[in-house]
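A closer look at the structure
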Amino acid sequence: MSRARQGGWVLASRVVPQAGGALLLILGARFLTPAALGQFVLIFAGVEFLRRLVRAGWREAVIVGEADTPPVVMTLSIASALAAQVATFGAAALMWQAGLEPRYPLCLLMLGATLVPLAPTVVWEGVLLRRRQPDREAKPLIVAEIAHLLLAFLLLALGLGILGLALARIARALVLCLGLGVAAGWPVAVGWDRARAAAAFPVSGNVTASAMINFATTYGVDLIVGFYLGPASVAFFRVGSRIAGALSEAMNETVRVLAWSSLPAAGDAERARLADRVERFFDQAVVLVAPVFVGLALVAGPLVALLLGPDWRASAQVVTLMAIARLFQSPATVAWPALAIIGRTGLLPRLTAVIAGSALVAILVTGPHGILAIAWSQVAAALFGGLATIAVLNRAIFAPGRLRARVDTLAGLALMALCVIGARALIGEAAPAVALVTEIIAGAAGYGLFLWWRRRDMVLRVTAEARRA
């Protein structure tokens, strides 16, 4: 298979789970009350914490280890999964003793059942990536995600509620495990070698630490919101942030792939050429990505009303704010490949840790004041992070202050916003579908006019490059 087709499968395997996760929450919102969906999100967040510990970087340990590493890693992975399974039994017992409805501890046990199949899954992922077969690793993930979504819809329609969501998650885990097992050729050997285990632990520790930082800024937020505001608020916040997050992942993965393919493989000797390419690519990324996030922020009201119904109006405000936050975070997608080319990737993990820590502190401070206060705190944290990332790029590659969004791009976004607001005032109290379509057309027309007036050459160049690709 060509590298282009492999890259397409890998990109799809990153985008499909994000889109599937957003669709799953939309389905849950359609069939469940906010309190029930929020309770499921909290239970899922607890199991996801255990999932991160079960994964524990074993995939990466297989990728970078020796040829005889997989049996040792398989032993460590299975041990991690069994320990996590015991933890779910204990947590379910505590929930039962606390007097919660029986469906909640049962849901926890069912979600916990996905941990044991995860053990061989992560090892087989590493085996396939070690063999340089990312497409064979990606295809089972896409199939599993589609099966997960379809089964969840069926079980929700049958009235199984959160237990239906848990059953669909079990099906996803089994399909993924079987698919990767077939793709990898069923290497299920276990073994033990102290030297191999000792070599795997540092890799595992580094990857797990990174995963925990990511957990704290995603599912950890759900737990904090639940602690302060209760399950219903968790549902409102999670649905809103997930819609923005799914779009963000789709856009950022696309930009990341294009960045790696567009930027030159140059070192210090080619710094001037790299700076020109990074500056041009950053400008193109802002022009093409910014209207998507700003557009989502502008049409969040009719979008949520159409997808979820009027009872989820609070989620629309979260979508608006989180879309802006995701826009402010987007410079990192350009920063990673640019800094990797010059060998300075060590700058961003530290920066990411500082940004994540500030975001968590902001949530803890604003948590008692409601989900909108939390969402605003994430906008502020994202703005700080985006400016800091641009500052790092300027210091590493450019003369200070060279990399910035152009004023005319901001004017184009303002024109788009005015067109959307004008269309909204013109149609008044229209049905959500009519309002959504009208506002999207108005915004696209306004921004398209800006592109043709001010950035016609860039649009023609990008279109030509896309055709050649």
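It should be noted that the structure appears before, not after, this text.
Residues numbered from 1 in each chain as written. Predicted model: local features only at pLDDT ≥ 70, side-chain atom pairs only at ≥ 80, totals over all residues. Heavy atoms only, no water.

Re the overall build of the chain
Along the backbone of the chain there are 19 helices and 0 strands. Per-residue burial over the chain gives 50% buried out of 469 residues. Roughly 21500 Å² of accessible area belongs to the chain as shown, and the carbon and sulfur atoms make up 67% of that amount. (Helix = DSSP H or I, 4+ residues; strand = E, 2+ residues; numbered from the N terminus. Buried < 20%, exposed > 50% of the residue type's maximum accessible area, 1.4 Å probe, protein only. Areas by Shrake-Rupley, 256 points an atom, 1.4 Å probe, with all protein chains shown as cover.)

Structural notes on the side chain of Gln378
Topologically, Gln378 is positioned in helix α16 (residues 371–396). Residue contacts for Gln378: discarding those within four places in its chain leaves Met322, Ala325, Ala359, Ala362 and Ile363. (Contact = heavy atoms within 4.5 Å.)

Side note on the packing of helix α5 (residues 103–112) against helix α8 (residues 162–184)
The interhelical angle for the contact between α5 and α8, taken along N-to-C directions, is 10°, at an axis separation of 9 Å. As the angle between them shows, α5 and α8 are arranged roughly parallel. From α5, Arg103, Tyr104, Leu106, Cys107, Met110 and Leu111 reach across to α8, where they touch Ile162, Leu163, Ala166, Leu167, Arg169 and Ile170. (Axes fitted to C-alpha atoms, helices over the stretch in contact; angles between N-to-C directions. Parallel < 35°, antiparallel > 145°, perpendicular 65-115°, else oblique.)

Comments concerning the packing of aromatic side chains
Evaluation of the coordinates by the stated rule reveals 10 aromatic pairs. Ring centres of Phe44 and Tyr219 lie 5.8 Å apart, and the angle between their planes is 50°; on these two criteria the pair is classed as tilted. Of this pair, Phe44 sits in helix α2 (residues 34–55) while Tyr219 sits in helix α10 (residues 219–229), and the two are 175 residues apart along the sequence. Judged by relative accessible area, Tyr219 falls into the buried class, the value being 16%. The interplanar angle of 70° and the centroid separation of 5.4 Å between the aromatic rings of Phe227 and Tyr228 together place this pair among those described as edge-to-face. Residue classification places Tyr228 among the partly exposed positions, given a relative accessible area of 32%. (Phe/Tyr/Trp six-rings, centres within 6.5 Å; stacked < 30°, edge-to-face > 60°.)

What about the environment of Ala323?
By the element assignment, Ala323 lies in helix α13 (residues 313–329). Taking the C-alpha atoms as reference points, Ala323 and Phe293, 30 residues apart in sequence, are found 5.3 Å from one another. When residues no more than four places from it in sequence are discounted, the contact partners of Ala323 are Ala244, Phe293, Leu296 and Ala297.

Description of the packing of helix α4 (residues 70–97) against α5
Where α4 meets α5, the closest approach of the two axes is 8 Å, and the angle between their N-to-C directions is 175°. Taken together, the axes of α4 and α5 are roughly antiparallel relative to one another. Along its contact with α4, which presents Gln85, Thr88, Phe89, Ala91, Ala92, Met95 and Trp96, the element α5 presents Tyr104, Pro105, Leu108, Leu109 and Gly112. For the contact of α4 with α5, the class distribution of residues is 9 nonpolar, 3 polar and no charged. (Nonpolar A, V, L, I, M, F, W, Y, C, P; charged D, E, K, R; others polar.)

Here we look at α4
A rise of 1.5 Å per residue sets the reference length of α4, with its 28 residues, at 40 Å; its end C-alpha atoms lie 40 Å apart and thus fit the reference within 8%. Where α4 ends, the next residue or the one after it, Gly99, has phi of about 85°, a positive value. (Expected span 1.5 Å × (residues − 1).)

Comments concerning helix α7 (residues 134–157)
Helix length check: α7, at 24 residues, gives a terminal C-alpha distance of 35 Å against a target of 34 Å (1.5 Å per residue), a fit within 8%. Directly beyond the C-terminal end of α7, a positive phi value near 90° is found at Gly159.

Concerning unusual backbone geometry
Positive phi, normally seen in glycine, also occurs at Ala56, with a value near 45°. As for its position among the elements, Ala56 is in the loop between α2 and α3 (58–64). Residue class for Ala56 comes out buried when judged on its relative accessible area of 7%.

A look at the nonpolar core
Core analysis: the largest hydrophobic core is formed by 92 residues, its most contacted members being Leu37, Leu111, Leu165, Phe237 and Trp312. The element that contributes the greatest number of residues to this core is α2, accounting for 11 residues. Every residue in contact with Trp312, bar those within four places of it in the chain, is listed here: Ala29, Leu32, Pro34, Leu37, Ala235, Phe236, Val239 and Val304. Membership of the second largest hydrophobic core comes to 36 residues, among which are Met251, Ala275, Tyr447 and Met458. (Core = buried A, V, L, I, M, F, W, Y, C linked by side-chain atoms within 4.5 Å.)

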